[in-house]
Amino acid sequence: PSDIHFLVPDNQDNTELKTKLKGYSFNIFTGDEDDVLSRFYYCNCENSYNIIVRLTADNIFLNPELIIAKIELFSKLNLDYYSNYNSDSFPLGDTFEIITSNALKFSFKNAKLTSDKEHVTSFIKRSVNAKKLIEHSDNHHQLSLSLDTYDDFILINRVYNYLKINKLENTVDNLNKAINECKIK
């Protein structure tokens, strides 16, 4: 199956978010706020996926065609873990990870550090036994389209409108061009 699940912390702060997501008929899985790894693990226990694609809500310029191509590469290379996030990789806001259910289970069973439980894939990234690929591309990582602050929101809005007005596809090069044109002065 190809389902989308929102893994939301189980707390009062997210009541409105959960209500809105349910209104759109999205799958919602709630769990420990600080142990995101357990949310992923238990959600997968209920759904039995072989491959999990991890997307975060602050990364809104994801390219579906790129994700599909990387899932195909992931499967072809028989990887345990894939990421396009690296210090000299894709812009923040355009990053994602792919992990097998076996690697997720291995991480869940063996991760002891609080940081590993919070960041989901940090344990598997350090594992010497995992077959992984952390992809590098042109140096675009200094670009940021991650939604963390109000200034980020303003820039993202400008970039989105720039792409739309100029009828540009969501590619790394076009995002780079849009960011340079739309920077907050």
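Preceding this paragraph is the structure being described.
Throughout, residues of each chain are indexed from 1 in the direction in which the sequence is written. Local features are withheld for residues below a pLDDT of 70 in this predicted model, meaning they are given only at 70 or higher, and side-chain atom pairs are given and counted only at 80 or more; totals for whole chains, interfaces and linings count all residues. Heavy atoms throughout the structure, all of them, feed into the side-chain values; hydrogens and water do not.

Peer 1: Explain the packing of aromatic side chains to me, using residue names and the numbers behind them.
Peer 2: Any two of the Phe, Tyr and Trp rings considered here, Trp counted by its six-membered ring, make a pair once their centres fall within 6.5 Å; the pair's planes then place it as stacked at under 30 degrees, edge-to-face at over 60, or tilted in between. In total, this model carries eight aromatic pairs according to the counting rule given. Taking 4.9 Å as the distance between ring centres and 65° as the angle between the ring planes, the aromatic pair formed by phenylalanine 6 and phenylalanine 26 counts as edge-to-face. Of this pair, phenylalanine 6 sits in strand β1 (residues 5-9) while phenylalanine 26 sits in the loop between α1 (15-23) and β2 (27-31), and the two are 20 residues apart along the sequence. Overall, phenylalanine 26 belongs to the partly exposed group, its relative accessible area being 35%. Here the aromatic rings of tyrosine 41 and tyrosine 42 are separated by 5.3 Å at their centres, their planes lie at 70°, and the arrangement is edge-to-face. Every member of this aromatic cluster is reached through a ring pair, and the members are Phe6, Tyr24 and Phe26. Helix numbers and strand numbers start at the N terminus; a helix is a DSSP run of H or I with at least 4 residues, a strand a run of E with at least 2. The buried label applies to any residue whose accessible area, calculated with a 1.4 Å probe on protein chains only, is under 20% of its type's maximum; exposed applies above 50%, and partly exposed to all values in between.

Peer 1: Give a description of the pairing of strand β5 (residues 97-100) that names residues and reports values.
Peer 2: Of the two faces of β5, the one lined by Glu97 and Ile99 and the one lined by Ile98 and Thr100 are each fully buried. Sheet topology note: the strand β3 (residues 51-54)/β5 ladder contains four bridges and is antiparallel. Within β5, the position partnered with isoleucine 52 by the bridge is isoleucine 99. Sheet analysis places strand β4 (residues 81-83) next to β5, joined by three bridges and oriented antiparallel. Directly across from serine 83, in β5, lies its bridge partner glutamate 97. Strand pairing is assigned whenever DSSP detects at least two bridges linking the two strands.

Peer 1: Outline the sheet that holds strand β6 (residues 132-134), listing residues and values.
Peer 2: With mixed pairing, the four strands of this open sheet are ordered in space as β3-β5-β4-β6. Each edge of the open sheet is held by one strand with a lone partner, namely β3 and β6. Recorded for the sheet is a direction-independent mean angle of 10° between the axes of neighbouring strands. Both β4 and β6 contribute to a ladder of three bridges, which runs parallel. Bridge pairing in β6 places serine 83 opposite isoleucine 134. Residue contacts are defined here by distance: any two heavy atoms, one from each residue, within 4.5 Å place the two residues in contact. To get an axis, a line is fitted to the C-alpha atoms, and for a helix only the part in contact is used. The angle between two axes follows their N-to-C directions and goes from 0 to 180 degrees. Here helix α4 (residues 101-110) sits on the sheet and contacts β3 and β5; the angle it forms with β5, its principal contact strand, is near 85°.

Peer 1: Provide a residue-level description of the environment of alanine 178, including the pertinent values.
Peer 2: Within the secondary structure layout, alanine 178 lies in helix α8 (residues 172-182). Here alanine 178 falls in the buried class, since its relative accessible area comes to 0%. Along the chain, alanine 178 and tyrosine 162 lie 16 residues apart, while their C-alpha atoms are 6.2 Å from each other. The contacts of alanine 178, once residues within four sequence positions are left out, are Val159, Tyr162 and Leu163.

Peer 1: Give a detailed account of helix α3 (residues 64-76), specifying residues and quantitative values.
Peer 2: In this model α3 runs 18 Å from its N-terminal to its C-terminal C-alpha over 13 residues, within 8% of the 18 Å that 1.5 Å per residue would give. Within the sequence span of α3, burial applies to Leu66, Ile67, Lys70 and Phe74. Seen from one end, α3 has its buried residues packed into an arc of 95°, which puts them on one side. In this structure, α3 carries Glu65, Glu72 and Lys76 as exposed residues pointing more than 90 degrees from its buried face. Residues of α3 that are buried make contact with β3, β4 and β5. Nitrogen and oxygen atoms within 3.5 Å of one another constitute a polar contact, given that in protein one can donate a hydrogen and the other can accept it, and given that sequence-neighbouring residues count only through two side-chain atoms. Taking the backbone nitrogen of glutamate 65 as reference, a side-chain oxygen 3.0 Å away marks asparagine 63 as the first, capping residue of α3. Asparagine 78 sits one or two residues past α3 and shows a positive phi near 55°. What a helix is expected to span follows from its residue count: subtract one and scale by 1.5 Å. Directions from the helix axis toward the C-beta atoms define the arc.

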